[in-house]
Amino acid sequence: MGKVLVVTSGKGGVGKTTSTAALGAALARGGENVVVIDFDVGLRNLDLVMGAERRVVFDLINVVQGDAKLAQALIRDKRIDTLSLLPASQTRDKDALTSEGVDKVIAELREKFDWVICDSPAGIERGALLAMRNADMAVVVTNPEVSSVRDSDRIIGMLDSKTLRAEKGDRIEKSLLVTRYDPARAARNEMLKVEDVLEILSIPLLGIIPESEEVLKASNIGAPVTLNNPNSAPSRAYFDAAKRLKGESVDVVVPLERVGIIGRLFGRRVA
Amino acid sequence: MNLFELFRKKTTAPVARDRLQVLLAHERSVIGKSDLLATLQEEILAVIAKHIAVDREAVQIKLDRGASFSTLEIDVEVPLNAAKLARPTGEAGVPASA
């Protein structure tokens, strides 16, 4: 039986899709059998970030409505064969997604994969609730910035009340992934420190992803950052986070971009 | 103020942290329940309107959410002829118990 993980945040643009792709690819590279699912009906983007946008034939709604078999809708990654994608529908009405239908698809995926990673849409509406509904674990993606932290607090409240686990009285394992972190600005007290965010949200830390140009470079070409440049600072942070998801204990450090002699001479740039 | 403080720039992250702590303490207690202060505000205004004809625009309401307590400040401007303008309620002469 695989684990179901939701990547969520409340606020948009904080890095849910980037993190879903990066963590999914990192787990798959470690030999795990992984499927990533896009729940953002009407605004799908996980296919684009994964570089599979031209291979989409069927989507989650087709499977839910019985128009396609699950095996027909799954897109296997061309770089890693243990990584698959179930895309969202771009054209259908999001009301076509029913909770019973989603439960059935997730149950089927649990049988086939070690990890079922659900990429939540932004907001606290139906789509976000459907994405978190079946989750055993949640990764709350947060930027060190007031509006993102506030929205994450709201989402944590929903994870504790609106998921199937919560309704049964079970706990859902939640952890915090701080993204776009700039250690130099945090040191200058211009940015919330990770400790501040942890104290406010009071959930365990999964990882700290430093702000980096590598993330945009990877999405430009349609590759998870952990595949495009595995040695870059954000990739190393995602690989560590993936290990922690598997239960390994890895010390949390903020990886820095390696700076050459020229970089040192002309001023250090963090991440 | 010593020389060190003089040259140190004002920092913003601690302000962000404090604002979030106050806000979230409030939001966590309120979400899922009805907003106590909003309910109080409505009911207090209803009681006042029962006895005095007040213009709603002459009522100033201020809310300040603090870390350990919040204050609801209601400032009612009572006109001189307020009692005369009051609508008869049938309970005239009975002291308000609210």
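Here, every reference points to the structure presented above.
**Student:** Help me out: how do you make sense of the overall build of chain B in this one?
**Tutor:** The helix and strand tally for chain B stands at four helices and two strands. The order of α-helices and β-strands along chain B, N terminus first, is α-α-α-β-β-α. Residue burial in chain B is summarised as follows: out of 98 residues, 13% are buried. Taking the intrachain contacts of chain B between residues at least 6 apart in sequence as the baseline, contacts between residues at least 24 apart amount to 51%. Accessible area of chain B: about 8,000 Å², with a carbon and sulfur share of 57%.

**Student:** Can you help me understand the pairing of strand β2 (residues 70-76) of chain B in this one?
**Tutor:** Every regular strand shows the same layout, with side chains that alternate between the two sheet faces. Residues and elements named next belong to chain B. Bridging between strand β1 (residues 59-65) and β2 involves seven bridges; their strand directions are antiparallel. Bridging from a neighbouring strand, Val-59 pairs with Val-76 of β2. Following β1, the chain reverses through four residues before pairing antiparallel with β2.

**Student:** Would you mind showing me how to read the interface of chain A and chain B here?
**Tutor:** In many reports, interface size means the accessible area that the parts give up when they come together. Taken together, the contacts link 14 residues of chain A with 13 residues of chain B. Here chain A and chain B share an interface that buries about 1,200 Å² over both sides, 60% of which is from carbon and sulfur atoms. Area buried by chain A at its contact with chain B is led by Arg-150, Asn-189 and Ile-200 of chain A, which between them contribute 42% of it. Applying the counting rule to chain A against chain B returns three salt bridges.

**Student:** I tried to follow the packing of helix α7 (residues 146-159) of chain A against helix α10 (residues 194-201) of chain A on my own but got confused; where do I start?
**Tutor:** Any two packed helices are characterised by the angle at which their axes cross and by the distance between the axes. All names here are of chain A. Relative orientation of the contacting elements α7 and α10 amounts to 35 degrees, with a least axis distance of 10 Å. The two elements α7 and α10 cross, and the hand of that crossing is right-handed. Of the residues in α10, those in contact with Val-149, Ser-152, Asp-153 and Ile-156 of α7 are Val-197, Ile-200 and Leu-201. Here the residues of the contact of α7 with α10 sort into five nonpolar, one polar and one charged.

**Student:** Explain the pattern of salt bridges to me, please; I cannot follow it from the model alone.
**Tutor:** A pair can form between side chains of opposite charge whenever their charged atoms are brought close. The final tally for this structure, using the stated rule, is 16 salt bridges over all chains. Each of Arg-110, Asp-136 and Arg-165 of chain A takes part in one network of salt bridges that share partners.

**Student:** What is the right way to read unusual backbone geometry from this model?
**Tutor:** For residues that are not glycine, phi is negative in most cases, and the peptide bond is trans in most cases. All names here are of chain A. With a phi close to 65 degrees, Asn-189 is a non-glycine residue in the positive phi region. Tracing the backbone through its elements, the reader meets Asn-189 in the loop between α9 (183-187) and α10. The backbone phi angle of Ser-202 is positive, close to 40 degrees, even though this residue is not glycine. Its place among the elements puts Ser-202 in the loop between α10 and β8 (205-210).

**Student:** Is there a simple way to think about the environment of Phe-113 of chain A in this case?
**Tutor:** All names here are of chain A. Looking at the secondary structure, you find Phe-113 in the loop between α5 (99-112) and β5 (115-119). The spatial distance from the C-alpha of Phe-113 to the C-alpha of Val-63 is 17 Å, given a sequence separation of 50 residues. Residue contacts for Phe-113: discarding those within four places in its chain leaves Gly-2, Asn-33, Val-34, Val-35, Leu-74 and Ser-84.

**Student:** What exactly am I supposed to notice about the side chain of Arg-44 of chain A here?
**Tutor:** Residues and elements named next belong to chain A. You can see Arg-44 is positioned in the loop between β2 (34-38) and α2 (46-49). Among the residues examined, Arg-44 registers a relative accessible area of 18% and is labelled buried. In this structure the side chain of Arg-44 is engaged in a polar contact, spanning 2.8 Å, whose partner is the backbone oxygen of Ala-88. Contacts of Arg-44, omitting those with residues within four sequence positions, involve Asp-38, Val-56, Ala-88, Ser-89 and Gln-90.

What counts, and where the lines are drawn
Residues numbered from 1 in each chain as written. Chains lettered and ligands numbered in written order. Predicted model: local features only at pLDDT ≥ 70, side-chain atom pairs only at ≥ 80, totals over all residues. Heavy atoms only, no water. Helix = DSSP H or I, 4+ residues; strand = E, 2+ residues; numbered from the N terminus. Buried < 20%, exposed > 50% of the residue type's maximum accessible area, 1.4 Å probe, protein only. Contact = heavy atoms within 4.5 Å. Areas by Shrake-Rupley, 256 points an atom, 1.4 Å probe, with all protein chains shown as cover. Pairing = 2+ DSSP bridges. Buried area = accessible area lost by both parts, 1.4 Å probe. Salt bridge = Lys/Arg side-chain N within 4 Å of Asp/Glu carboxyl O. Axes fitted to C-alpha atoms, helices over the stretch in contact; angles between N-to-C directions. Left-handed = near helix turned anticlockwise from the far one by under 90°. Nonpolar A, V, L, I, M, F, W, Y, C, P; charged D, E, K, R; others polar. Polar contact = N/O pair within 3.5 Å; in protein donor to acceptor, adjacent residues only side chain to side chain.

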